[in-house]
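The residues making up each chain are set out below.
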Amino acid sequence: MPLYFFHTRNGGDYDDDDGTHFADDTAARAEAITTAGAVLKDLGADFWAGEDWSMRVLSETGRVVCELLFTAKPRG
């Protein structure tokens, strides 16, 4: 099974040095959505601080499989 790396940016760079095996790109993308949702939920009110948050998934060859970008802007 191919290895995928999930790198996040949220006020700093957090690289996934270990990676996780998934059957294919589709499975890795699905995990990116699930993981991003959990992380954003755990951030709670800190997510509304206005910093961009992103997750980039790379294959073991360094190919970008997907990138998720989030920005929160509270409105009046």
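You'll find the structure just up there.
Just so you know, these numbers come straight off a predicted model, no measurement behind them.

Help me understand the overall build of the protein, please; the structure alone is not making it clear to me.
The helix and strand inventory of the protein stands at one helix and five strands. Out of the 76 residues belonging to the protein, those deemed buried represent 33%. Of the contacts made within the protein by residues no fewer than 6 positions apart, 45% connect residues no fewer than 24 positions apart. Accessible area for the protein stands at about 5000 Å²; split by element, carbon and sulfur atoms hold 51% of it.

Help me out: how do you make sense of the pairing of strand E1 (residues 3-9) in this one?
Remember that side chains alternate between the two faces of the sheet whenever the strand is regular. Taken across its seven residues, E1 has six buried, putting it largely inside the fold. Both E1 and strand E3 (residues 20-21) contribute to a ladder of two bridges, which runs antiparallel. The partner of Tyr4 across the bridge, within E3, is Thr20. Here E1 runs beside strand E4 (residues 53-59); their pairing, made up of six bridges, is antiparallel. Across the sheet, His7 pairs through a bridge with Arg56, a residue of E4. Sheet analysis places E1 next to strand E2 (residues 13-14), joined by two bridges and oriented antiparallel. Opposite Arg9, over in E2, you have Asp13 as the bridge partner. Between E1 and E2, which follow one another and run antiparallel, lie three residues, and Gly11 among them has a positive phi close to 75 degrees.

Can you help me understand the environment of Arg9 in this one?
As for its position among the elements, Arg9 is in strand E1. Measuring from C-alpha to C-alpha, the distance between Arg9 and Lys73 comes to 17 Å, with 64 residues separating the pair along the chain. Apart from the residues within four sequence positions on either side, Arg9 is in contact with Tyr14, Asp15, Asp52, Trp53 and Ser54. Polar contacts involving the side chain of Arg9 include one to the side chain of Asp13, which spans 3.1 Å.

Explanation requested: the nonpolar core in the structure shown.
One broad rule of soluble globular proteins: the nonpolar side chains tend to lie buried together. Grouped together as the largest cluster of nonpolar side chains are 15 residues, with contacts concentrated most on Tyr4, Phe6, Ala28, Ala32, Trp53, Met55 and Val57. Those elements that provide at least two residues to this core are E1, helix H1 (25-43), E4 and strand E5 (64-70). Of the residues forming this core, the biggest block, four residues, is contributed by H1. For Ala28, the residues in contact, after removing those within four places along its chain, are Tyr4, Phe6, Phe22 and Val57.

Conventions we followed
- Residues numbered from 1 in each chain as written.
- Predicted model: local features only at pLDDT ≥ 70, side-chain atom pairs only at ≥ 80, totals over all residues.
- Heavy atoms only, no water.
- Helix = DSSP H or I, 4+ residues; strand = E, 2+ residues; numbered from the N terminus.
- Buried < 20%, exposed > 50% of the residue type's maximum accessible area, 1.4 Å probe, protein only.
- Contact = heavy atoms within 4.5 Å.
- Areas by Shrake-Rupley, 256 points an atom, 1.4 Å probe, with all protein chains shown as cover.
- Pairing = 2+ DSSP bridges.
- Polar contact = N/O pair within 3.5 Å; in protein donor to acceptor, adjacent residues only side chain to side chain.
- Core = buried A, V, L, I, M, F, W, Y, C linked by side-chain atoms within 4.5 Å.

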